[in-house]
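Structural features, examined
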Amino acid sequence: MSLQKKPRIYSLSELDLSTDNLDRHAVSITHRLAKAGFEAYLVGGCVRDLLLGLHPKDFDVSTNAEPEQIQALFKNCRLIGRRFRLAHIHFGRHIIEVATFRAPHTKEDESSRAHKDGRLLRDNVYGSLQEDAWRRDFTVNALYLDPQNSTVIDYVGGIEDHQKKVLTLMGNPVTRFKEDPVRLIRAVRFKAKLGFTIDPKTEAPMQKLAPLLKDIPSARLYDEVLKLFLNTEANQVFDTLRQYGLFKALFPQTDSCLHDASETEPLALIKQAMKNTESRLKNNQRITPYFLLATLLWEPVRRLSEKYAPNLNSETQALHAAANEVVLQQVSRIAIPRRITTPMREVWTLQPRFHKQVGVRCLRFLEHPRFRAAYDFMLLRAQHGEVDSSIADWWTHIQTLNPAEQKLMTRPSQMKQKKKARKKEPSTPGSA
Ligand code: ATP
Ligand code: MG
């Protein structure tokens, strides 16, 4: 694809877009900027999603006004960002991001701005609308909606690609992926989210370039990784990441556990967790990132704890030691914050407590703030043969009882009697 000089202009009506679906705050920002003599458009994901009839997560504005000029026009504006200054315009808790047109990096300034392997380190040169379109990632993300004239401006063939449902990375795909390897995982996410295919030229180098993801600062990857898995297409994203070797670059410890074709359960457990996430999201139920990340990293933790167990006093200690090591290695790749790793560890290290079904400790466990998550995790393990189903049933049952009944159920004598009864009647199923 070549850099087109003249844009194609589409009217909103010809694209079946209605101004009713636009965010009124974002539109009012473009009006005010236009009144002050600037160009201002809605851009990126919001235009792409509106064309698909989806409800955009956020509306971004792009303008030729520079950050200080934007700030002078809006009282509710704060400038943020070091690598590239952006204006945030606040409407209560709602924030609209307003960015000044940026130019893509050129051959001439490449040496001063790009890393030796082609990765862009600085990205702070203002540009024209056309240049701003060109520096974006996929053509369908480079469409500009002009609320003043009720049109969409397309410099890059984004509308055609949108109609063909194809993701095309602009420019030379190898150069553009090298410039910012995060685009590799964005391609996978958008493919799943939008139900698009990846253009063959864009797709061709993806597998080979997947290892470049390792060079992305871990802090930047956390948000992108959450976006990958906390959506209604998590399973497809997971499979596609593995297909391109991207999962290995993100979760190397887990990936190496999944190569053993004879062991299908660890993979099945992760896929089940993704499926549960998908259906919870479809039912508007709450999802917690730590639970999904705990399932993603469980197999390396489990294997390492088995290795440590003979030298430590308890299964719990072995799990603690394994969790420390796995988390330490993982956060060097993806900066999972401590508020997430702490409950992840708890979910793992509480697992041995499900094997004790006697005494007050057992009753106290029911009151533990992380009991519910640990229990859900144990159920997932039971579904995949890691925990005896009678244990899972016992914990499911005890939660339905009142405190007096629970006390009775966890009395030592109760357990002995149950064991005796089981010995007499070996054919009786062991569920409580
Ligand atoms: P969503 O909000 O659904 O995640 P989005 O396309 O809006 O999708 P954002 O991360 O919000 O994604 O980015 C907004 C826009 O900024 C994109 O549509 C794209 O035009 C541009 N953009 C984002 N990340 C990159 C990147 N790594 N390289 C080039 N352009 C990018
Ligand atoms: Mg967005």
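Further up the page is the structure itself.
Below is a short write-up of the structure. (Residues numbered from 1 in each chain as written. Chains lettered and ligands numbered in written order. Predicted model: local features only at pLDDT ≥ 70, side-chain atom pairs only at ≥ 80, totals over all residues. Heavy atoms only, no water.)

**Thoughts on the site of ligand 1**
Around ligand 1 there are 18 residues in total, and Arg48, Arg136, Asp180, Arg183 and Lys193 lie nearest to it. Within the contact set of ligand 1, an oxygen atom lies 3.0 Å away from a side-chain nitrogen or oxygen of arginine 186. At 3.0 Å, a side-chain N or O of arginine 189 approaches an oxygen atom of ligand 1. Contact with the protein chains removes 85% of the 580 Å² of surface that ligand 1 exposes when unbound. (Near = heavy atom within 4 Å. Polar contact = N/O pair within 3.5 Å; in protein donor to acceptor, adjacent residues only side chain to side chain. Areas by Shrake-Rupley, 256 points an atom, 1.4 Å probe, with all protein chains shown as cover.)

**Here's the deal with unusual backbone geometry**
In terms of backbone geometry, most residues other than glycine have negative phi values and most peptide bonds are trans. Positive phi, close to 50°, is recorded for serine 150, a residue that is not glycine. In this structure, serine 150 sits in the loop between β7 (143–146) and β8 (151–154). The phi dihedral of lysine 165 is positive, around 55°, even though this residue is not glycine. Along the chain, lysine 165 turns up in the loop between α6 (158–164) and β9 (166–167). Look at lysine 165 and you get partly exposed, because its relative accessible area is 38%. (Helix = DSSP H or I, 4+ residues; strand = E, 2+ residues; numbered from the N terminus. Buried < 20%, exposed > 50% of the residue type's maximum accessible area, 1.4 Å probe, protein only.)

**Concerning the pattern of salt bridges**
Counted according to the given criterion, the structure contains 18 salt bridges. Note that lysine 271 and aspartate 239 form a salt bridge whose closest N and O atoms lie 2.8 Å from each other. Of the two residues, lysine 271 sits in helix α15 (residues 265–282) while aspartate 239 sits in helix α12 (residues 234–243), which places them 32 residues apart along the sequence. Judged by relative accessible area, lysine 271 falls into the partly exposed class, the value being 24%. In this structure aspartate 239 comes out as partly exposed when scored by relative accessible area, which is 36%. The residue arginine 372 makes a salt bridge to aspartate 376 at a minimum N-O spacing of 3.5 Å. Here arginine 372 and its partner aspartate 376 are both found in helix α20 (residues 371–383), 4 residues apart, which amounts to about one turn of the helix. Given a relative accessible area of 28%, aspartate 376 falls into the partly exposed group. (Salt bridge = Lys/Arg side-chain N within 4 Å of Asp/Glu carboxyl O.)

**Examining helix α21 (residues 389–398)**
Three or more residues of α21 are buried, namely Ile391, Ala392, Trp394, Trp395 and Ile398. Seen from one end, α21 has its buried residues packed into an arc of 160°, which puts them on one side. (Arc of directions from axis to C-beta.)

**Notes on the packing of aromatic side chains**
Throughout the structure, instances matching the rule amount to 17 aromatic pairs. When the centroid spacing of 5.1 Å and the interplanar angle of 90° are considered together, the rings of phenylalanine 238 and phenylalanine 247 count as edge-to-face. The same class applies to phenylalanine 238 as to phenylalanine 247, namely buried. When the centroid spacing of 5.1 Å and the interplanar angle of 85° are considered together, the rings of phenylalanine 365 and phenylalanine 371 count as edge-to-face. On the basis of relative accessible area, phenylalanine 365 is assigned to the buried category, the value being 0%. Of the residues examined, phenylalanine 371 reaches a relative accessible area of 4% and is grouped as buried. An aromatic cluster is built from Phe354, Phe365, Phe371, Tyr375, Trp394 and Trp395, whose rings are joined through pairwise contacts. One cation-aromatic arrangement involves arginine 102 over phenylalanine 84; the distance from NZ or CZ to the ring centre is 3.7 Å. The residue whose ring lies beneath arginine 370 is tyrosine 290, and the NZ or CZ to ring-centre distance is 5.2 Å. (Phe/Tyr/Trp six-rings, centres within 6.5 Å; stacked < 30°, edge-to-face > 60°. Lys NZ or Arg CZ within 6 Å of the ring centre and 35° of its normal.)

**Points about the packing of helix α11 (residues 218–229) against helix α16 (residues 289–308)**
Packing of α11 against α16 brings their axes to within 11 Å, and their N-to-C directions diverge by 85°. Relative to α16, the element α11 lies roughly perpendicular. Residues Tyr222, Leu226 and Phe229 of α11 form the contact with α16, whose own contacting residues are Pro289, Leu292, Leu293 and Leu296. A class-by-class count of the residues in the contact of α11 with α16 yields 7 nonpolar, no polar and no charged. (Axes fitted to C-alpha atoms, helices over the stretch in contact; angles between N-to-C directions. Parallel < 35°, antiparallel > 145°, perpendicular 65-115°, else oblique. Contact = heavy atoms within 4.5 Å. Nonpolar A, V, L, I, M, F, W, Y, C, P; charged D, E, K, R; others polar.)

**Quick notes on empty space enclosed by the protein**
One pass over the full model with this rule turns up 3 cavities of 30 Å³ or more. Put simply, the largest cavity is a space of about 40 Å³. Lining of the largest cavity is provided by Val225, Leu226, Phe229, Leu230, Pro289, Leu292, Leu293 and Leu296. Elements supplying a minimum of two residues to the lining of the largest cavity: α11 and α16. Element by element, the count of residues in the lining of the largest cavity is highest for α16, at 4 residues. Tallied by class, the residues present in the lining of the largest cavity amount to 8 nonpolar, no polar and no charged. (1 Å grid on protein atoms, 1.4 Å probe; cavity = no way out; pocket = protein on both sides within 12 Å on 5 of 7 lines; lining within 4 Å. Points joined across faces, edges and corners; volume = space filled by probe spheres on them.)

**Some points on the sheet that holds strand β1 (residues 8–11)**
The strand order β1-β8-β7-β2-β3-β6-β5-β4 describes an open sheet built from 8 strands, whose pairing is mixed. In this open sheet, the two edge strands, each paired with only one partner strand, are β1 and β4 (77–80). Averaged over all pairs of adjacent strands, the angle between their axes in this sheet comes to 30°, without regard to strand direction. Looking at chain direction, β7 and β8 are connected through 4 bridges and run antiparallel. Across the sheet, residue aspartate 146 finds its bridge partner in β8, namely threonine 151. (Pairing = 2+ DSSP bridges.)

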